[in-house]
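Now for the letters of each chain:
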Amino acid sequence: QVRLAESGGGLVEPGGSLRLSCTASGDDFEFNAMGWYRQAAGKKRELVADVGSNGVTRYGEFVKGRITISRDNAEKRVDLQMDSPQPDDTAVYYCNADSGSSSYRTEYWGQGTQVTVSP
């Protein structure tokens with residue numbers, strides 16, 4: 001089975017920098033999109049950013065140029081950097097990856113890592 005291992009969450013100060021990493025393990029396969037979502041308390045899970053297998057990047061509407069995402073296909077790893085995080089960025093961040101096609105797509109999720117932005 002596929003496992004998405006997440007790291008980098010924790011307590012960060014407003015205006016600092018946040019970096020999250022996700023590495024997939026398990027059977028040898030290729031993903032389509034791979035990236036990060038987040039879910040704040042009482043809110044719907046939303047896209048932060050992800051990268052397709054073709055290198056096309058999607059960003060959440062809140063990003064405002066603060067997000068940098070990179071994907072290493074050989075290592076099956078995706079890294080997320082957020083500049084100037086604010087308290088509103090506090091959420092559980094989930095690594096996400098999918099494989100297959102529109103008819104046979106399989107989606108994988110990490111266990112989630114808590115990010116808390118506070119002075």
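Up top is the structure these notes are about.
Here the residue index of a chain counts from 1 through its sequence in written order. Only residues with pLDDT of at least 70 get local features here, since the model is predicted, and only at 80 or more are side-chain atom pairs given and counted; chain-wide, interface and lining totals rely on the full set of residues. Each side-chain value is worked out from all heavy atoms of the structure, with water and hydrogens disregarded.

Participant: Can you walk me through the overall build of the chain in this structure?
Facilitator: Along the chain, the regular secondary structure elements total zero helices and 11 strands. Listing every helix and strand of the chain by position from the N terminus yields β-β-β-β-β-β-β-β-β-β-β. Along the three orthogonal principal directions, the C-alpha set of the chain runs to about 45 × 30 × 25 Å. Taking all 119 residues of the chain together, 44% fall into the buried category. Contacts spanning at least 24 positions in sequence make up 53% of the contacts within the chain whose residues lie at least 6 apart. When charges are counted, neither His nor the chain ends are considered; positive counts come from Lys and Arg and negative counts from Asp and Glu. Charge placement uses NZ in Lys and CZ in Arg. For Asp and Glu, CG and CD serve respectively. Across the chain, the 13 positively charged side chains and the 16 negatively charged ones have centroids separated by 4 Å. Under the scheme used here, helices are H or I runs from DSSP no shorter than 4 residues and strands are E runs no shorter than 2 residues, and both carry numbers assigned from the N terminus. Note on exposure labels: buried denotes an accessible area under 20% of the residue type's maximum, exposed denotes more than 50%, and partly exposed covers the range between, all computed with a 1.4 Å probe on protein chains only. Contacts are residue-level and defined by heavy atoms, with any inter-residue pair within 4.5 Å sufficient.

Participant: What's the story with the sheet that holds strand E8 (residues 77-83) in this structure? I'm lost.
Facilitator: The strands making up a sheet associate through backbone hydrogen bonding, with each pair oriented either parallel or antiparallel. Any two strands are treated as partners once DSSP identifies two or more bridges connecting them. Pairing in this open sheet of four strands is antiparallel, and the strands run E1-E3-E8-E7 from one edge to the other. Edge strands, defined here as strands with exactly one partner in the open sheet, are strand E1 (3-7) and strand E7 (67-72). Averaged over neighbouring strand pairs, the angle between their axes works out to 15 degrees when direction is ignored. Bridge count between strand E3 (residues 17-25) and E8: seven bridges; the pairing is antiparallel. Lines are fitted to the C-alpha atoms to define the axes, a helix being fitted only along its stretch in contact, and any angle between axes, read from their N-to-C directions, falls within 0 to 180 degrees.

Participant: Mind showing me how you'd approach the nonpolar core here?
Facilitator: Buried together is how nonpolar side chains tend to be arranged in soluble globular proteins. By nonpolar core is meant a set of buried Ala, Val, Leu, Ile, Met, Phe, Trp, Tyr and Cys residues that side-chain atoms within 4.5 Å join together. In terms of nonpolar packing, the biggest core is built from 28 residues, with Leu4, Phe31, Met34, Trp36, Leu80 and Tyr93 touching the most fellow members. When residues of this core are traced back to their parent elements, those giving at least two are E3, strand E4 (34-39), strand E5 (46-51), E7, E8, strand E9 (91-99) and strand E11 (113-117). When residues no more than four places from it in sequence are discounted, the contact partners of Tyr93 are Glu6, Leu20, Trp36, Tyr37, Arg38, Val48, Met82, Gly112, Thr113 and Val115.

Participant: Quick question: what am I supposed to make of the pattern of salt bridges here?
Facilitator: Pairs may arise between side chains of opposite charge once their charged atoms sit close together. When a carboxyl oxygen of Asp or Glu lies within 4 Å of a side-chain nitrogen of Lys or Arg, that pair is called a salt bridge. Applying the stated rule across the entire model yields eight salt bridges. Taken together, the salt bridges that share partners define one network made up of Arg19, Asp72, Arg77 and Asp79.

Participant: I tried to follow the pairing of E9 on my own but got confused; where do I start?
Facilitator: The element E9 is extensively covered by neighbouring structure, given that nine of its nine residues are classed as buried. Direction of pairing for E9 relative to E11: antiparallel, over a ladder of three bridges. Bridging across to E11, Ala91 finds its partner in Val115. Relative to strand E10 (residues 106-109), E9 runs antiparallel, the two sharing four bridges. Pairing of Ala97 across the sheet is with Tyr108, part of E10. Hairpin connection from E9 to E10: six residues lie between these consecutive antiparallel strands, with Gly100 at a positive phi of about 90 degrees.

Participant: How should the state of the cysteines be read in this particular structure?
Facilitator: Structurally, a disulfide amounts to a covalent bond that connects the sulfur atoms of two cysteines. Disulfide assignment relies on a single distance test, namely cysteine sulfur atoms paired within 2.5 Å. Under the counting rule described, the total for this entry stands at one disulfide. Here Cys22 pairs with Cys95 through a disulfide, and the sulfurs are 1.9 Å apart. Its S-S torsion of approximately -85 degrees makes the covalent link between Cys22 and Cys95 left-handed. Of the two residues, Cys22 is situated in strand E3 and Cys95 in strand E9; the sequence distance between them amounts to 73 residues. Comparing Cys22 with Cys95 shows no difference in burial state: the two are buried.

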